[in-house]
Each structure stands twice: as structure tokens, then as C-alpha cells.
Amino acid sequence: MLKGKKIVVGITGSIAAYKIPFLVRLLIRQGAEVRVIMTPAAVDFVTPLTLSTLSMHPVVVDPFKAQSGEWNNHVDLGQWADVMVFAPVTANTLGKMAHGIADNFVVTAYLSAKCPVFIAPAMDLDMYGHPSTQHNISTLQSYGNIIIEPQVGELASGLSGPGRLEEPEKILLILERFFTSRQSLNKKKILVTAGPTHEKIDPVRFLGNYSTGKMGFTLAFEAASRGAEVTLITGPTFLNASHAGIRRVDVESADEMYEACMAEAPKNDIIIMAAAVADFKSKKKSAVKIKKTAAHVTLELEPTRDILLEIGRQKRKNQVLVGFALETDNELENARQKLHRKNLDFIILNSLRDKGAGFGLETNKITMIDKAGNVQHGNVKTKQEIASDILDIISETQICSHGKQ
Ligand code: CTP
């Protein structure tokens with residue numbers, strides 16, 4: 001699976017750096033092309049000579065070799081790589097990556113990456129548990145990086161807990177799985193919607209909802225990482241869609257999202273409607289700010305058009321349509337009814353009664369129901385893991401439909 005894959009391995013100054021020669025050896029054995037880059041602190045733990053011997057290429061620590069006038073270009077490395085794997089990553093480097101501090105070659109290469117990035121933190125358990133470390137990890141995840149969670153176990157300090165670098169064999173497996181799943185959606189055209197919609201009341205007010213867009217953005221990033229050509233239609237959000245495979249279309253209201261979706265949907269193989277589209281909009285929009293002089297203001301609402309229902313009506317036979325259902329009660333039955341009413345292939349059910357599910361969280365808990373009635377219950381997972389699970393299941397239908405052709 002890794003034959004010919006171009007992999008940058010970035011090492012930072014943690015004792016777990018001693019495991020990376022094994023990782024490089026495993027990658028080379030699988031036929032990958034590997035370039036190793038190191039921070040100056042990493043050199044204290046493992047030598048560049050070991051790594052250049054194993055990777056069969058020079059190792060870059062310092063971008064400038066002033067005496068020889070040589071300069072190593074981190075941008076070239078960013079263009080070259082199919083994936084970058086940073087392991088081990090210290091709390092210090094996590095902070096730099098999360099905040100764009102580019103004071104060494106490893107972080108500049110990270111900032112230049114045009115490919116999926118894997119980050120494997122390793123540190124002592126208290127450093128790992130510190131809110132600033134956790135916050136940096138969440139930030140890096142929100143940028144679309146894939147975190148290879150540290151393992152729980154014995155640490156170099158003698159303490160025991162979370163913080164151990166994932167084993168090289170397991171990192172290899174994660175990369176192999178990544179490339180396998182990536183091929184499943186290669187060149188597929190996927191439309192993803194995300195975020196809330198804002199329904200104008202007057203020039204300064206709107207009706208909205210708590211959606212942040214995180215689930216839709218994560219799905220878009222994961223699909224693009226698997227080789228899909230993604231169109232992401234999003235309502236107002238502060239998130240960035242940082243992947244070359246994503247074309248972003250920004251909309252504000254349910255009406256704008258409807259128009260954008262109707263124009264894009266016929267061009268796509270797979271459509272995933274993760275947006276929390278407003279169900280109602282204000283019947284009248286005031287051209288001027290509504291003053292608070294009146295004792296009561298009554299807003300008359302009218303329903304918005306149901307985009308998913310309309311796409312379901314126009315769906316071609318070989319298109320896969322996926323909807324979301326956010327329910328508070330009678331969840332399974334409501335979701336099943338929505339699946340049939342909207343002519344969906346899958347519906348992803350979120351229950352607001354579940355701990356770890358809901359708006360603005362890093363985690364989610366879903367139940368996936370297909371049109372044949374099969375139900376798959378999931379656990380509380382990160383949105384990245386959930387996006388991966390959803391796309392794994394959709395990919396299976398793609399592989400099956402290829403088989404039938
Ligand atoms: N949806 C849509 N257009 C709308 C409202 C919802 O496309 N105007 C899509 C959402 O993106 C989601 C699915 O429909 O994929 C379910 O949304 P939800 O609000 O849970 O369901 P509704 O069908 O609106 O039913 P209800 O609000 O009565 O539960």
C-alpha cells in the first residue's frame with residue numbers, strides 16, 4: 001500500500017524519538033520514499049546519521065548551511081509529500097504548530113504542507129493533560145490534522161498514564177489504512193453541506209442555530225484526504241477548509257443554500273447534508289433596524305424549503321444521498337421516517353440526549369441507518385473518527401457498485 005508513497009517524517013525533541021528509526025525502517029521496507037526532518041532538540045535523542053542511513057537520504061535539521069551557502073526549501077518538501085508524519089511531537093512543538101510559530105525547519109515544513117498531516121504527540125502525562133496542550137491538540141484537529149493519540153502506559157519519567165508515543169508498527173498500520181481508504185473515494189465527486197444558516201430579520205439581526213459546521217468540515221476534509229473532489233457549501237462559520245481538494249462555496253441563508261445545492265447536486269456522486277438548515281425564516285425582512293420602542297414585536301415565520309427532500313426527489317439512481325437527523329425523542333423511529341420521506345440512502349442520527357453529542361463539541365455519537373433498515377450504533381468518538389466511520393460505510397457502497405458494473 002505504501003509503495004512509492006512520499007512520506008516526510010518530522011522528529012522533535014522527545015525521548016520517544018528513539019522509536020523513529022524503527023518507523024523509518026518499516027516505511028522503507030514497505031516501499032515508501034522517506035525524507036526525515038528534525039528539530040535541533042531531536043538531534044540530542046537520535047542521530048541524523050542513523051536516520052539518513054535508514055532513509056537513504058540526507059536529514060534536514062537546519063534549513064540554512066551558511067558556510068556552504070546551501071538552503072533547504074521547506075516549501076518544496078510541502079509540495080513533494082503525499083503525507084507528513086510528525087512523531088514524536090512535544091508539547092512545545094504542538095504549541096508552535098497550533099499557533100504558526102515557524103522557528104525551525106520542522107514547523108516551517110508543517111506550515112507548508114499541502115497534504116494530509118499526522119501528528120503523534122508524546123510527553124509526560126501531566127503535560128499531556130494540561131488544558132493548554134489539549135487546547136492545542138483541538139486546534140490542530142480543527143485545522144484538519146490527524147492526531148495519532150498517545151497510548152496509556154509506562155512513561156520515561158517512571159510515571160504511568162497517557163503520553164506514550166504510539167508504537168511504530170501501529171503508526172505504519174494507520175498510514176496503510178489511510179492510503180487504502182483514500183483510494184476508495186479517489187476522483188469521486190462529493191458535495192458536503194455544513195454549518196448553520198442565518199435568516200435575516202433586519203440589517204443587524206438574524207435567526208440562527210448553534211451549529212459550528214465542525215462535523216461538515218471534518219467530513220469534507222476526510223473525503224478530500226481520500227482523494228475525492230469535494231464541494232463544500234457552508235453557512236456562516238469561522239472554520240477554514242484547508243485542503244486543496246475542497247472547493248468552498250459560502251452562503252448565508254437557507255434560500256442561498258438551496259440555490260447553491262440545486263446547482264451543485266446533479267454534478268456529484270455522493271451528497272452529504274450535514275448543514276443545520278433553518279426550518280423557518282422571517283416572513284418579512286425589515287430594511288431598517290427594528291426599534292425597541294414597541295412593547296411587543298411579533299415575528300411571523302414561514303417554512304424554508306427542505307433542500308434534502310428536493311435533492312431526494314431529483315436523485316439519480318447511482319447517486320448516494322446522506323442526511324442527518326438531530327432528535328430529542330423517539331429518535332430511531334423519527335430518523336427512519338426521515339430516511340424514507342426524503343429518499344435517502346443513509347441517515348445519521350444524533351440524539352441530543354446522548355452525552356458527548358451535540359453542537360460545538362469535539363466529540364459526537366451517531367447511529368447510522370441505511371435504507372435496507374440496517375442500524376449501526378456508534379460510541380462517543382472525535383468528529384474526525386466519526387467522519388472516517390461515515391465515509392468507510394459510504395465507500396463500501398461505492399466499492400459494491402463498482403463490482404456490479
Ligand atoms: N435539511 C434540509 N433543508 C432544510 C432542513 C433540513 O436539507 N430546510 C436537512 C438537514 O441538512 C439534515 C436533514 O435535513 O440533513 C434533517 O434535518 P432536521 O432538521 O433534523 O429534519 P427535518 O426534516 O427538518 O424535520 P424536523 O425538524 O421536523 O425534525
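Presented here is an overview of the structure given in this document. All figures in this text were calculated on a predicted structure; none of them were measured in a lab.

Quick look at the overall build of the protein now. A count of helical and extended segments in the protein gives 13 helices and 23 strands. On C-alpha atoms alone, the protein measures out to a radius of gyration of 24 Å, which is about the 22 Å that the 2.2 N^0.38 rule sets for 405 residues. Oriented by its inertia axes, the alpha-carbon framework of the protein measures out at about 70 × 60 × 45 Å. A burial count over the protein gives 51% of its 405 residues as buried. Counted over contacts in the protein with a minimum sequence separation of 6, partners at least 24 positions apart contribute 66%. When the accessible area of the protein is evaluated, it comes to approximately 19,600 Å², of which 54% is carbon and sulfur surface. Within the protein, the 43 negative side-chain charges are centred at a point lying 4 Å from the centre of the 47 positive side-chain charges.

With respect to the helices and strands, the residue Thr197 is situated in the loop between β10 (189–194) and β11 (199–202). Separated by 2.8 Å, the side chains of Thr197 and Glu199 make a polar contact.

What follows deals with the site of the ligand. If you check the shell around the ligand, you find 16 residues, and the closest are Met273, Ala275, Phe324, Lys338 and Lys342. Within the side chain of Lys338, one N or O atom sits 2.8 Å away from an oxygen atom of the ligand. Here an oxygen atom of the ligand and a side-chain polar atom of Lys342 are 2.6 Å apart. Out of a free accessible area of 570 Å², the ligand has 78% covered by protein chains. Listing elements by their share of the shell around the ligand, those giving two or more residues are α11 (307–314) and β18 (320–327).

Take the pairing of β10 next. Within β10, five of the six residues are buried, leaving the element largely enclosed by the surrounding structure. As defined by bridge partners, β10 adjoins strand β13 (residues 229–234) across six bridges and the pair is classed as parallel. Its bridge partner being in β13, Lys189 is matched across the sheet by Glu229. For β10 and strand β15 (residues 270–273), the ladder comprises four bridges, and the chain directions are parallel. In the strand pairing of β15, Leu191 is matched with Ile271.

This model, assessed by the stated rule, comprises three aromatic pairs. Ring centres 5.9 Å apart and planes at 85 degrees place the aromatic pair Phe86 and Tyr110 in the edge-to-face group. Here Phe86, found in strand β5 (residues 83–89), pairs with Tyr110, found in helix α5 (residues 105–111); they are 24 residues apart in sequence, far enough to count as distant. No difference in accessibility class separates Phe86 from Tyr110, as the two residues are buried. Aromatic side chains Phe118 and Phe178 sit 5.2 Å apart centroid to centroid with 90 degrees between the ring planes, which places their arrangement in the edge-to-face category. Linking Phe118 in strand β6 (residues 117–121) with Phe178 in helix α8 (residues 168–183), this pair joins segments that are 60 residues apart in sequence. With respect to burial, Phe118 and Phe178 carry one shared label: buried. Across the ring face of Phe179, the terminal group of Lys5 is positioned such that the distance to the ring centre comes to 5.1 Å. Of note, Arg305 hangs over the ring of Tyr258, and the distance from its end group to the ring centre comes to 3.8 Å.

What counts, and at which threshold
- Residues numbered from 1 in each chain as written.
- Predicted model: local features only at pLDDT ≥ 70, side-chain atom pairs only at ≥ 80, totals over all residues.
- Heavy atoms only, no water.
- Helix = DSSP H or I, 4+ residues; strand = E, 2+ residues; numbered from the N terminus.
- Rg over C-alpha atoms; globule rule 2.2 N^0.38 Å.
- Buried < 20%, exposed > 50% of the residue type's maximum accessible area, 1.4 Å probe, protein only.
- Contact = heavy atoms within 4.5 Å.
- Areas by Shrake-Rupley, 256 points an atom, 1.4 Å probe, with all protein chains shown as cover.
- Lys, Arg positive; Asp, Glu negative; His and termini not counted.
- Charge placed at Lys NZ, Arg CZ, Asp CG, Glu CD.
- Polar contact = N/O pair within 3.5 Å; in protein donor to acceptor, adjacent residues only side chain to side chain.
- Near = heavy atom within 4 Å.
- Pairing = 2+ DSSP bridges.
- Phe/Tyr/Trp six-rings, centres within 6.5 Å; stacked < 30°, edge-to-face > 60°.
- Lys NZ or Arg CZ within 6 Å of the ring centre and 35° of its normal.

Distances and angles like these do not, on their own, reveal function.
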